[in-house]
Amino acid sequence: MRKVADLSEFHRGQIVMVRKLGMSITETTRLVGCSRSAAVSIHVKWITDCDTSSRRQGVVRACVIKEKRRWRLSRVVKQNRRKTVAQLTAQYNAGPSASVSGHTVQRTLLNMGLCSRRTARVPLLTRHHRQLRLQWDREHRDWTMDEWRRVAWWDESGFLIHHVDNRVGVRRLTGEQLLLSCTAVHKEAGGGGIMLWGTFSWVALGP
């Protein structure tokens, strides 16, 4: 098992990321291949100092991605929150900025709070929706048959072509979990889908 001094910046960032995803210390050590004490100390260092580097006191490591360039990396992430570090690095290096490594991009994303998290499941019906439906039912429970004959019913539903669950990872900040681009129902999550619409009434069916 590797100790703290043997871990690269990538593996240090990986420990922070998987701990934020909810993995236990045991699961983290198996995934990264490090000792238990190394995983604990690096995670504690991140919580207290927001840093996982192994530099000695008084040695300052220059940040390759300057503050003015971080907005560009943030924009690249928000264009597609499901891209991997390798894809984000390639897209960032395609611009006018100096080339950076994947480890630098990973470390910068962690410092910005844009680590990969699971997508949120949007509830099909909220409590407010259920209350509105119950209120509508109570208001119309005494309608006659002639009144119901003048009603047309319609609805629409979206269907993803491929199965998607909440194991899909997205890069988001705290409070962004319900943004459309960060949820499991986003169109990029399933590789395409279709929207179906239908209507019917007492008289006939719709197209």
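Coordinates for the structure precede this section.
Residues numbered from 1 in each chain as written. Predicted model: local features only at pLDDT ≥ 70, side-chain atom pairs only at ≥ 80, totals over all residues. Heavy atoms only, no water.

1. Some remarks on the overall build of the protein chain
Right, on to step 1. Each helix and strand counted, the protein chain has 8 helices and 4 strands in total.
Right, on to step 2. Starting at the N terminus and walking to the C terminus, you meet the elements of the protein chain as α-α-α-α-α-α-β-α-α-β-β-β. (Helix = DSSP H or I, 4+ residues; strand = E, 2+ residues; numbered from the N terminus.)

2. Overview of the nonpolar core
For soluble globular proteins, nonpolar side chains are generally found buried alongside one another.
Right, on to step 1. Leu7, Ile15, Val16, Met17, Val18, Val32, Cys34, Ala38, Ala39, Ile42, Trp46 and Leu110 together form the largest nonpolar core, which totals 12 residues.
Right, on to step 2. Those elements giving two or more residues to this core turn out to be α1 (9–20) and α3 (36–49).
Right, on to step 3. By size, the runner-up hydrophobic cluster in this structure holds 10 residues, among which are Leu73, Val85, Val105 and Leu109. (Core = buried A, V, L, I, M, F, W, Y, C linked by side-chain atoms within 4.5 Å. Buried < 20%, exposed > 50% of the residue type's maximum accessible area, 1.4 Å probe, protein only.)

3. Topic: the pattern of salt bridges
Right, on to step 1. Applying the stated criterion across every chain, the model contains 1 salt bridge.
Right, on to step 2. Where Arg149 meets Asp146, a salt bridge forms, and the shortest distance between an N and an O atom there is 3.9 Å.
Right, on to step 3. Taking relative accessible area as the criterion, Arg149 reaches 39% and is therefore assigned partly exposed. (Salt bridge = Lys/Arg side-chain N within 4 Å of Asp/Glu carboxyl O.)

4. Observations regarding the environment of Lys20
Right, on to step 1. Relative to the assigned elements, Lys20 resides in helix α1.
Right, on to step 2. In sequence terms Lys20 and His43 are 23 residues apart; their C-alpha atoms lie 9.4 Å from each other.

5. Some details on helix α6 (residues 102–112)
Right, on to step 1. Inspection of α6 places Thr104, Val105, Gln106, Arg107, Thr108, Leu109 and Leu110 among the buried residues, and these make up the whole buried set.
Right, on to step 2. Within two residues after α6, Gly113 carries a phi angle of roughly 85°, on the positive side.

6. A few points about a nonpolar patch on the surface
Right, on to step 1. A surface patch of nonpolar side chains, amounting to about 460 Å² of accessible area, comprises Trp136, Trp153, Phe200 and Leu205.
Right, on to step 2. With respect to the helices, strands and loops of the structure, Trp136 is situated in helix α7 (residues 127–140). (Patch = residues over 30% accessible without salt bridge, like charges linked within 9 Å, V, L, I, M, F, W, Y side chains within 5 Å. Areas by Shrake-Rupley, 256 points an atom, 1.4 Å probe, with all protein chains shown as cover.)

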